[in-house]
Amino acid sequence: MEKKNKIFLAISLVLLLIVGVLVAANYFSARQAMEQVLRDRGVQLRSQFELAVDMTGNHMQQMATFIAENEQVQQLFLQGKEAVAAEGGGTGGPMAAAARQALYEKVGNRWQILQERYDVRQLQFHLGPGSVSFLRVHQPTKFGDPMDKVRHTIVAANRLLVPTKGFETGRINSGIRGAAPVVAVQPETGAQVHVGTLEAGTSFASMLERLESASGARFAVFLDRQHMIESMWPNFIKSHFNQNPPVGDLVLEQSSYPQEIRSILETPPGRVLAQKSGTRTLVMEGRSYGVTSFPLKDYLGTVDSTRKPVGTVYVWRDATDLVAAFWHQVWFNLILAISGFLILELLLYQAQDYVTRQLEATIDEQVGIIKKMAVQDQLTALYNRHILSEMFVQIQARSQRSGVPFAMMMFDLDFFKKINDIFGHVTGDEVLAQVGRFVKDQIRQDDAAFRIGGEEFLLLLPATPLEEALKISERLRGDLAALSLAHLPAGRVTISVGLTVSRMDEKDDLDVMSKRVDTALYAAKDGGRNRVEILL
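Below is a short write-up of the structure. (Residues numbered from 1 in each chain as written. Predicted model: local features only at pLDDT ≥ 70, side-chain atom pairs only at ≥ 80, totals over all residues. Heavy atoms only, no water.)

## Section: the pattern of salt bridges
A side chain of one charge can pair with a side chain of the opposite charge when the charged atoms of the two come close. Summed over the entire model, instances satisfying the criterion amount to 18 salt bridges. Linking Arg 451 and Asp 377 is a salt bridge whose minimum nitrogen-to-oxygen distance equals 3.3 Å. With Arg 451 in strand β13 (residues 448-451) and Asp 377 in the loop between α13 (345-375) and β11 (383-384), this residue pair connects regions lying 74 residues apart in the sequence. On the basis of relative accessible area, Arg 451 is assigned to the buried category, the value being 17%. Looking at Asp 377, the relative accessible area reads 13%, which means it is buried. Across the pair Arg 477 and Glu 474 runs a salt bridge, and its minimum N-O distance is 3.0 Å. Of this pair, Arg 477 and Glu 474 both sit in helix α17 (residues 466-481), 3 residues apart, which is roughly one turn of the helix. Classification of Arg 477 as buried rests on a relative accessible area of 19%. (Salt bridge = Lys/Arg side-chain N within 4 Å of Asp/Glu carboxyl O. Helix = DSSP H or I, 4+ residues; strand = E, 2+ residues; numbered from the N terminus. Buried < 20%, exposed > 50% of the residue type's maximum accessible area, 1.4 Å probe, protein only.)

Structural data, given as structure tokens:
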């Protein structure tokens, strides 16, 4: 009897060890899965933030362009430029002051409307060739200062004579800015003269409010302390730091929840995220949160990926239910394991396997939903460009195995900006959404359609030689032109199409084909629009 007891005890101890190992493994697997869900949420929220910044920059750029196209504004700005030049540059003299006042009176009477209706917080006229402030509509007593080292959007717009956009830190305020070159007609000669650049800017405040309302998350934008010292006027730096003390190397630029983010930064996970981007979980006042940080890049950082970020963005979202479900599942598994061990080893393993499958299925479903949102354009329900490379590789591999080429078709909406300008962005968005639905209804099951830009779309057509691809392109172009979209008359919305076919060569990769089809698209535009051009 004693021997049997020893054997039973030994077997029981071995089984108990196995159960303990299984429970521990299940715990770590579930925790990793939960953390992956939080990381995926963080990736999605980062994408939403960057998209919101880009859209806000577009909005500011459009406001600047609209004002810059006013002939009276152009002439007053030209008078100011000529007066400054005649009076020795810099701030100029009496003539420059008179021109500045006239320009301020012309634009300033609508400044309140621009702030209230269009969320414009800064409006500034800059003289070239670099950037010299001629008039700050938002602070008209400050002018004449060179800004070449901080207003790179302006320097680029003055140099290239094209609109620019992006986040920048200024002498007084930081913000999301859009810039448009100002060109005026010289009255004496009738020649067009580049005068300078008009900049419209806004803060993160309204953008974050909209983003927080849509996502259910909370955001905070921090700037690097040294970057602010190098960019802003010393008296504004001192005032800003007194009102908003730095947290280590970070200075809070914008958040609707300043005390909450400062509490986060006082926790070990918050301090880790200040040094290295990523996602962590933490507990505050009995609630669990998933916190993600990622770098903030200014305009120069968007054009040069090697530049150091100018700040850090924090985003946090309540994860109490997710964490509670995790712990509930952990305790449930433990109790189930102990009960199964006491009843029968077989039931233990079956129950453990069942619970694990259920947990993994739930997590896989959640991850699948998040991944789908990450690769789908929300407006058109088409794929976005994030999954283009992966799908291209799959289609190219099938093409190389079968020996049948595939086609790439790129099109954009002709004169889409005019639709936005004339009918408004709501109508423009509805046109894009209806174009997305039209494309999804027309393409074949194996085809893949993407929205890769504002009004730019791309289609991958597997197993489609040139002749068939041309028929498809012409059919899409013609059928779309015959539609009445967003209550616009038929024929108001047309497309220009670029088309190419794979060369059955591994070197004919996504970049090569994209450049080819993009060239064909521009040829279609140059050829009169509402047409298909081919480049093989």
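Picking up where we left off.
## What to know about a nonpolar patch on the surface
A surface patch of nonpolar side chains, about 290 Å² in accessible area, is lined by Leu 9, Leu 13 and Leu 16. In this fold, Leu 16 is placed in helix α1 (residues 2-68). (Patch = residues over 30% accessible without salt bridge, like charges linked within 9 Å, V, L, I, M, F, W, Y side chains within 5 Å. Areas by Shrake-Rupley, 256 points an atom, 1.4 Å probe, with all protein chains shown as cover.)

## Observations concerning helix α9 (residues 258-265)
Of all the positions in α9, only Glu 260, Ile 261, Arg 262, Ile 264 and Leu 265 are classed as buried. In this structure, the buried residues of α9 make contact with β6 (218-224), β7 (250-255), α10 (268-275), β8 (278-284), β9 (287-296) and β10 (311-318). (Contact = heavy atoms within 4.5 Å.)

## Description of the packing of aromatic side chains
Considering all chains together, one arrives at 15 aromatic pairs under this definition. Judged by centre distance (5.8 Å) and plane angle (40°), the rings of Phe 77 and Phe 134 are tilted. Taken together, the residues Phe 77 in helix α2 (residues 71-86) and Phe 134 in strand β2 (residues 132-136) connect sequence positions 57 residues apart. Using a relative accessible area of 0% as the deciding quantity, one classes Phe 77 as buried. On the numbers, 5.6 Å between centres and 70° between planes, the contact of Phe 222 with Tyr 314 is edge-to-face. One end of the pair, Phe 222, is in strand β6; the other, Tyr 314, is in strand β10, and 92 residues separate them in sequence. What makes Phe 222 buried here is its relative accessible area of 1%. Residue class for Tyr 314 comes out buried when judged on its relative accessible area of 0%. (Phe/Tyr/Trp six-rings, centres within 6.5 Å; stacked < 30°, edge-to-face > 60°.)

## Some thoughts on the environment of Val 497
For Val 497, the position within the fold is in strand β15 (residues 495-501). On the basis of relative accessibility, which here comes to 0%, the residue Val 497 falls in the buried class. C-alpha separation for the pair Val 497 and Gly 196, spaced 301 residues apart in sequence, amounts to 35 Å. In this view, Val 497 contacts Met 409, Met 410, Phe 411, Ser 473, Arg 477, Ala 520, Leu 521, Ala 524, Arg 531, Val 532 and Glu 533; residues no more than four positions away in its chain are not counted.

## Here's the deal with the sheet that holds β7
Judged by pairing direction, the sheet is antiparallel, and its 5 strands sit side by side in the order β7-β6-β10-β9-β8 without closing on themselves. Each of the sheet's edge strands pairs with one partner strand only, and the pair in question is β7 and β8. Mean inter-strand twist for the sheet, computed between neighbouring axes without regard to direction, equals 30°. Both β6 and β10 contribute to a ladder of 6 bridges, which runs antiparallel. Within β10, the position partnered with Val 221 by the bridge is Val 313. Sitting on the sheet, α10 is in contact with β7, β8, β9 and β10, with an inclination near 160° to β8. (Pairing = 2+ DSSP bridges. Axes fitted to C-alpha atoms, helices over the stretch in contact; angles between N-to-C directions.)

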